[in-house]
Amino acid sequence: MLKTEELQVNIGPQHPSTHGVFRMLVTVDGETLVDLKPVFGYLHRNHEQLGEVNSYLQNMPFTDRLDYFNSMVNNHAYARAVEQLAGIEVPERAQYIRVIMDELSRILNHASALGFLLGDMGAWQTSLLWGLREREKILDLFEYVSGARMMCNYSRFGGVARDIDDYFISEVKKLMQGLPRYFDEFERLLVENEILLVRAKGVGVLPKELALSYSVTGPLLRGSGVPYDVRKAEPYAVYDRFDFDIPVGTVGDVYDRFLVRVEEMRQSYRILEQALQQMPEAEGGHINPKVKQQSLKPPVGESYARVESPKGELGFYLVSDGSGSAYRYKVRAPSFINLSALADMCKGYKIADVVVILGSIDIVMGEVDR
Amino acid sequence: MLTKGELRSILSTEMPAALDQRWAEHAATAEEGHGEENKPVLQQDDAVVNAEHLPAVAHFLRDTFGYEYLSNITAVDYLDFDMIEVVYQFYHIDEPADVRVRVRVGRNPEACVIPSLTPTWPGANLQEREAYDMYGIDFPGHPNLARVYMWDEFTGFPLRKDFPKTGDKYTHVTGAE
Amino acid sequence: MTLSTRKGTVNIVEVNRHDNNIHAGQGTLKGLDIVFRKFRKALFGKANTERDDTEGQFNVQYPEERLVLAEAYRNMPILLYDDATGQELCTSCFQCERVCPPQVIHITQAKHPETGKPVPAAAEFVLEYDTCMSCGYCAEVCPFDAIKMDHDFELSTADHPALDVHYTHLLRPVSYYEAIAPTMWAEVRDAALKKLQNNIKRRPGNIGVDHGQKIAGKSSAAAPKAATPAAGAAGRKQYTGPIAKVGTSMSEDKLARLMAIREANTGKRGGPPESGAHAIEADVATNAAGQVAPSDQATSGSAASKATGPVAAPGKNMSEDKLARLMAIREANKAKQGE
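Parameters and conventions
Residues numbered from 1 in each chain as written. Chains lettered and ligands numbered in written order. Predicted model: local features only at pLDDT ≥ 70, side-chain atom pairs only at ≥ 80, totals over all residues. Heavy atoms only, no water. Core = buried A, V, L, I, M, F, W, Y, C linked by side-chain atoms within 4.5 Å. Buried < 20%, exposed > 50% of the residue type's maximum accessible area, 1.4 Å probe, protein only. Helix = DSSP H or I, 4+ residues; strand = E, 2+ residues; numbered from the N terminus. Contact = heavy atoms within 4.5 Å. Disulfide = S-S within 2.5 Å. Buried area = accessible area lost by both parts, 1.4 Å probe. Salt bridge = Lys/Arg side-chain N within 4 Å of Asp/Glu carboxyl O. Polar contact = N/O pair within 3.5 Å; in protein donor to acceptor, adjacent residues only side chain to side chain. Nonpolar A, V, L, I, M, F, W, Y, C, P; charged D, E, K, R; others polar. Pairing = 2+ DSSP bridges. Axes fitted to C-alpha atoms, helices over the stretch in contact; angles between N-to-C directions. Parallel < 35°, antiparallel > 145°, perpendicular 65-115°, else oblique. Left-handed = near helix turned anticlockwise from the far one by under 90°. pLDDT = per-residue confidence, 0-100.

> I tried to follow the nonpolar core on my own but got confused; where do I start?
In a soluble, globular protein the nonpolar side chains are often hidden away together inside. In this structure, Phe157 and Phe258 of chain A together with Tyr88 of chain B are the most contacted members of the largest nonpolar core, which totals 188 residues. Considering every element that reaches this core, the biggest residue donor is helix α4 (residues 92-121) of chain A, with 13 residues. For Phe258 of chain A, the contacting residues outside a window of four places in its chain are Leu114, Leu117, Leu118, Phe186, Leu190, Val191 and Leu196 of chain A. By size, the runner-up hydrophobic cluster in this structure holds 37 residues, among which are Leu80, Leu89, Val104 and Leu171 of chain C.

Right, dumping it as structure tokens:
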């Protein structure tokens, strides 16, 4: 037998497949991975301390910069935490608008995440742009309603910044006419693609029990077969009024996560359909007019509000001392905690699989580093 | 299944040694100054446990009641009480509400020690490292307790309330006690 | 599959893993079929901007073609003044300065020249464009609708200090904002102008208009910008509508620069291969000249130098030793090719 020697390799921090500035200190034995240490913090900007210095309203645009793919969801989660803290009621119509934005975010996030995953597998640009095209259409809608494509800054305490108009609704409906066809094409294009099957099946397996103990959430947890979704477990906004399913995987490998994301886009489509149908009957305006946005001083206390972000459970933990800015502001970032499972998922696989497994977690460094 | 505060009463009969009784009077005095601004109030309705009993309580919670999903670990620096509180949020897979377990330790390095939950909940790994990095809490039993955001040579714990928020962060070394 | 929990039932779909299908390349072929169909449509089909379609040519050839921006689009804050009188709408109430999350707004309130009492007008207004995060709070909180978000996004410059934008360069006439956001302005117009009338009464002399006069006299920064968006406003009603023609939403000097770049590029492609070396030699000369009077180049020459030759100026932003090294490498390469 030949005696082999272990070798340490750095993947990143500047690497096209690391989804940002992220370093993986990898120990390999030949091609097989022995150990992996995630190293990050290159994007750290002490977001949580900014939250303690800024006023509650001032902090809203900073939450855009966490998971910059889904600023709408971040705004929603943060607004919920503050509303819970200050006891603010949100009108029904605003809840529906938030749900519509969240589900559009989910579709755009999954479309581009799957595109990036395939890009990581080596399918160079085609599949990525396939996902980005749908994302672009949705971002145009976000721009129309909020003023910015990615840094939406759309939620306010007790509602949203601007009401949506008939033109927006007609455009969403138009977009949704094309979506089922897009999902079908996406599945036909890729789901049975042999190259994808070889790269994804049986790779990066995360068993059910391990997934739970690792506190992973989102498609990563559901791919492992745990039907846990905050929208069902703790229905926020108006999610209890919609009929939708939770897709789960059976094995917990990269392929399952891929399929779960494809199916989740379909479920988001179902929620959108129902939300648009129910919204005209919703009461109230787009915002609670009684709330003093700029000089909000919630009573002393603490709150934790979570939403199902496309990446997983996104939560904001706030402690108030009764002043105009939070005493403690903590973000439970799904990408950050999902990342802790990376080393275990990668061990024993080939070094080329690391990139695919990382892509299947779908991390965003803005949220990991905060 | 467990309502808010219920764990506290269960623990007082099942594991009375685990409950941390030191803070009851602090909370009472703070309660009086409710209208006063810039004074946080210690929450009393959740179970406050002694640091050394935390793993036992966490396992009790998981094995007896099925709260197996450790969602969030938050450290809060209460400078007024000379204390750092760490809030552990556990979820049951079928339940909407969480159960919060609080651990309160002193701010000086000898007292700021909490046993790590990482051996049982590996998902706590990065969160504990973050709490160490930002608040200087020591987690014995953690496999790799290193700074996670700041560089290794950095001294001080940036999220502590007495860490200076102005000045040159590269030359101003402080907070290391 | 339905799973019953303590709360009720949750519908679960197990994803189909296609484990039983036999694969011998059919999956890939199926995918390639779609790819080829799309490719054909993209190649020969019509340009497509419809949101419900998934086929066709979606590309927009920026910067010649550009999408029409939404009315609500926000980029950087600007300040408004009344077209007719030149009175600025800002009263320096400090609301925007207070709410600004990155704290980039700096206002100095105007004082009455004789009594020294504060006057509802700003003496100086500085906005750090480089740190602004375009959140739009300033426009949202402004009770006088004096600060609004601009649509001009082509702000890149090599002149960093110029990004601390002062009053004179922040001011735009009301008609400019009306052109870029007609319905949003219509909602607030009456109230805003009424408030302005009240404020004018409390402004002695020239306070509140002097910045506007400067702008009108210069006519370089604001005037062309005010004229061009009005032309593009006709197509603005239709948000998804067709792509605007070349330059409709561009300022004139930018258009001129673009055209110059074009010409330079085509000239370079057609030109003889050794012209690159000459360009460098010529550039060393200009670089040396530029270093004698660097301040002059920084202030007036930045726009002009960009327009003349963007590709043929490798020495412009380089230090001398770097340039020398580059030259040496070029020489070595040339010698190698000659052998």
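Alright, that's what it looks like, and here's the rest.
> Could you clarify how one ought to interpret the state of the cysteines in this entry?
When the sulfur atoms of two cysteines share a covalent bond, that bond is a disulfide. Residues and elements named next belong to chain C. Tallying each qualifying case throughout the model produces zero disulfides over all chains. The thiol of Cys93 is not disulfide-bonded; the next cysteine sulfur, from Cys142, is found 5.8 Å away. The thiol of Cys96 is unpaired, and the distance to the nearest cysteine sulfur, on Cys93, comes to 6.2 Å. With relative accessibility at 9%, the residue Cys96 sits in the buried group.

> What's the story with the interface of chain C and chain A in this structure? I'm lost.
By a widely used convention, the size of an interface equals the accessible area lost when the partners come together. Taken together, the 51 residues of chain C in the interface contact 61 residues of chain A. At the boundary of chain C with chain A, total buried surface from both sides reaches about 4,900 Å², with 52% on carbon and sulfur atoms. Linking chain C with chain A are three salt bridges. The partner of Glu140 of chain C in a salt bridge is Arg156 of chain A, and the shortest N-O contact between them spans 2.6 Å. Between the two partners, chain C and chain A, sit 14 residue pairs in polar contact (both at pLDDT 80 or more). When contributions to the side of chain C that touches chain A are tallied by element, the ones reaching two or more residues are β2 (8-14), α1 (26-44), α2 (95-99) and α3 (137-141) of chain C. Broken down by element, the side of chain C that touches chain A gets its largest block of residues, 10 residues, from α1 of chain C. Here the residues of the side of chain C that touches chain A are counted per class, giving 22 nonpolar, 13 polar and 16 charged.

> Please explain the pattern of salt bridges as it appears in this structure.
Pairing between side chains of opposite charge can happen when the charged atoms of each approach one another. This structure, assessed with the given rule, holds 47 salt bridges over all chains. One salt bridge connects Arg266 of chain A with Asp184 of chain A, and the closest N-O pair in it is separated by 2.9 Å. With Arg266 of chain A in helix α11 (residues 254-278) and Asp184 of chain A in helix α6 (residues 166-190), the pair connects residues that are 82 residues apart, well separated along the chain. With a shortest N-O distance of 4.0 Å, Asp150 of chain C and Arg172 of chain C are connected by a salt bridge. Separated by 22 residues along the polypeptide, Asp150 of chain C in the loop between β6 (147-149) and β7 (164-165) and Arg172 of chain C in strand β8 (residues 171-173) bring together distant segments of the chain. Owing to a relative accessible area of 3%, Asp150 of chain C belongs among the buried residues under this scheme. One continuous salt-bridge network, built from bridges that share partners, spans Glu48, Glu52, Arg328, Lys330 and Arg370 of chain A together with Glu130 and Lys161 of chain B.

> Would you take a moment to explain the sheet that holds β7 of chain C for this structure?
Strands pair in a sheet through their backbones, by hydrogen bonds, and they do so in one of two ways: parallel or antiparallel. Residue and element names in this part refer to chain C. Spatially, three strands are ordered β4-β5-β7 in an open sheet, and the strand pairing comes out antiparallel. Every interior strand has two partners, whereas the edge strands, β4 (105-111) and β7, have only one. Pairing geometry for strand β5 (residues 118-128) and β7, over two bridges, is antiparallel. Following the sheet pairing, Glu128 is matched in β7 by Asp164.

> Can you walk me through the packing of α4 of chain A against helix α5 (residues 126-146) of chain A in this structure?
In a pair of packed helices, the angle between the axes and the distance between the axes together describe the arrangement. Residue and element names in this part refer to chain A. Look at α4 against α5: their axes get within 8 Å of each other, and the N-to-C directions meet at 155 degrees. Classified by the angle their axes make, α4 and α5 are roughly antiparallel. Once α4 is placed against α5, the crossing between them reads as left-handed. Facing Met101, Leu104, Ser105, Ile107, Leu108, Ala111, Ser112, Gly115, Phe116, Leu118 and Gly119 of α4, the residues of α5 in contact are Ser127, Leu128, Gly131, Leu132, Arg135, Ile138, Leu139, Phe142 and Val145. Grouping the constituent residues of the contact of α4 with α5 by class yields 13 nonpolar, six polar and one charged.

> Help me understand the confidence of the model for chain B in this model?
Atom-level detail of predicted coordinates should not be read off regions where pLDDT is low. All names here are of chain B. Confidence along chain B averages 78 in pLDDT terms, with 83% of residues attaining 70 or more. For the stretch residues 171-177, pLDDT sits under 50, and the model shows 12 contacts to residues farther than four places along the chain or on other chains. Both scores are available for the predicted complex, with the pTM at 0.81 and the ipTM at 0.85.

> I tried to follow the environment of Ile107 of chain A on my own but got confused; where do I start?
Residue and element names in this part refer to chain A. Relative to the helices and strands, Ile107 is located in helix α4. Once the C-alpha coordinates of Ile107 and Leu85 are considered, the two residues, 22 residues apart in sequence, prove to be 30 Å apart. Residues within four places of Ile107 in sequence aside, it is in contact with Ile138, Leu179, Met265, Ser268, Tyr269 and Leu272.

> Is there a simple way to think about the sheet that holds strand β3 (residues 77-81) of chain C in this case?
All names here are of chain C. Reading across the sheet, the three strands line up as β6-β3-β8 and stay open at both edges, with mixed pairing between neighbours. Edge positions in the sheet fall to β6 and β8, since each of these pairs with one other strand and no more. Each strand axis lies, on average, 50 degrees off the axis of its neighbour in the sheet, ignoring direction. Relative to β8, β3 runs parallel, the two being bridged by three bridges. For Tyr81, the partnering residue across the bridge sits in β8 and is Pro173.

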